[in-house]
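Summary of structural features
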Amino acid sequence: MNTFKYVYGGGMTRKSDRTRALLAETALRLFAEQGYEATTMRQIAAEAGVATGNAYYHFEGKDAFVQELYVRIQEEHREAALPRLRPGAALSENLAEALHAGLDVMTPHHGLGGVLLRSALPADSGLSPFSQASERPRGAAVGLMGEVASASKGTPGGRLGERLPHLLWLAHMGVTLFWVLDRSESQARTRTLVDGLAPLLGRLLTLLRLPGAGRLADDALDLMDRLEESPRPEGARR
């Protein structure tokens, strides 16, 4: 899989760096081959030829392998997307470039995506992109969407402008989920989704800047705040 070939600079001259990369590559290969739940830390260590204790020294558990993958994907996404952004271009154009760059980076991991999705869906899963454990890659992804907005013309100000990076990240998460489930050749349907979604979001934001539309945006943001800050009590009606 060679997923972590780029993690460490200097050709991974340190033995500990090489061991860490080997463990990561082995873990992700096993996740793809036999599933996340079926793979154990002991098996990862044995396949890599490393003592189990040494594996735990480098990674505290299976989730840590996936979190490192998330971080590296976000770093590669930023490196791929920033040169493609055009200062002063429409948000729809820059957003499409950023989303396509993300798909380019994720393409080698498509087979693993479906395996991890089953473990990431539960609300209490550390693999969820919304979990506390995923705060670092999530922050990087939201930050990239902030750079997309900053590079673009005509983006809204005020409260909507402040929340725009997070909203664009949610759109990115929707595209990612679609991509994970996309079985079309080279995930061509996801590319079509991006080409249609980016201008649609751009037009929606333009409409929200019209007189009288501000209240609609505030209502939507208020709802987001309530959903994020107020977990449903046990036994509440669904």
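One numbering rule holds for all chains: residues counted from 1, following each sequence as written. For a predicted model such as this one, the threshold for reporting local features is a pLDDT of at least 70, and the threshold for listing and counting side-chain atom pairs is 80 or more; totals across whole chains, interfaces and linings nevertheless cover every residue. Water and hydrogen atoms were dropped before computing side-chain values, which therefore reflect all heavy atoms in the structure.

Here we come to the overall build of the protein. Helix and strand labels come from DSSP, where a helix needs a run of H or I of at least four residues and a strand needs a run of E of at least two; each type is numbered from the N terminus. Regarding its fold elements, the protein presents 10 helices and 2 strands. In the protein, the order of α-helices and β-strands from amino to carboxyl end is α-α-α-α-β-α-α-α-β-α-α-α. Taking the principal axes of the C-alpha coordinates as reference, the protein spans close to 65 × 50 × 35 Å. When accessible area is computed with a 1.4 Å probe and restricted to protein chains, residues below 20% of their type maximum are described as buried, those above 50% as exposed, and intermediate ones as partly exposed. The buried share of the protein, taken over its 238 residues, is 46%. We call two residues contacting when some pair of their heavy atoms lies within 4.5 Å. Sequence separation of at least 24 residues holds for 66% of the intrachain contacts in the protein that already meet a minimum separation of 6. Areas reported as accessible are Shrake-Rupley estimates using a 1.4 Å probe. Residue values count occlusion only from the protein chains shown. Total accessible area on the protein stands at roughly 13,100 Å², and carbon and sulfur atoms take up 54% of it. This count recognises Lys and Arg as positive and Asp and Glu as negative, with His and chain-terminal groups excluded. For the purpose of locating charges, the reference atoms are NZ of Lys, CZ of Arg, CG of Asp and CD of Glu. The average position of the 28 basic charges and that of the 28 acidic charges among the side chains of the protein differ by 1 Å.

On to the UniProt feature "DNA-binding region" (unreviewed entry) in the protein. UniProt positions are given in the numbering used here, feature names are shortened, and annotations may be inferred rather than shown by experiment. The positions UniProt marks with the feature "DNA-binding region" (unreviewed entry) are residues 40–59. Annotation note: span residues 40–59, helix share 75%, strand share 0%, distance between end C-alpha atoms 12 Å.

Our focus in this paragraph is helix H7 (residues 135–151). By this rule the span expected of a helix is its residue count minus one, scaled by 1.5 Å. For H7, spanning 17 residues, the distance from its first C-alpha to its last is 24 Å, which sits close to the expected 24 Å at 1.5 Å a residue. Along H7, the positions that sit buried rather than exposed are Pro 137, Arg 138, Ala 141, Leu 144, Met 145, Gly 146, Val 148, Ala 149 and Ala 151. Those residues of H7 hidden inside the fold are in contact with helix H4 (62–81), strand S1 (89–90), helix H5 (91–106), strand S2 (152–153) and helix H8 (158–181).

Turning to the pattern of salt bridges, a few remarks are in order. Once the charged atoms of two side chains with opposite charge are near each other, the side chains can pair. Note on definitions: salt bridges are taken to be side-chain nitrogens of Lys or Arg within 4 Å of carboxyl oxygens of Asp or Glu. The full count for this structure, using the stated rule, is 13 salt bridges. If you follow the salt bridges from partner to partner, you end up with Arg 20, Glu 68, Arg 72, Glu 75 and Arg 136 in one network.

One finds Leu 23, Phe 31, Ile 44, Phe 65 and Met 145 to be the most contacted residues of the largest nonpolar core, which totals 58 residues. With 9 residues, H5 is the single largest residue contributor to this core. Among the buried residues, those of types Ala, Val, Leu, Ile, Met, Phe, Trp, Tyr and Cys that are joined through side-chain atoms within 4.5 Å form a nonpolar core.

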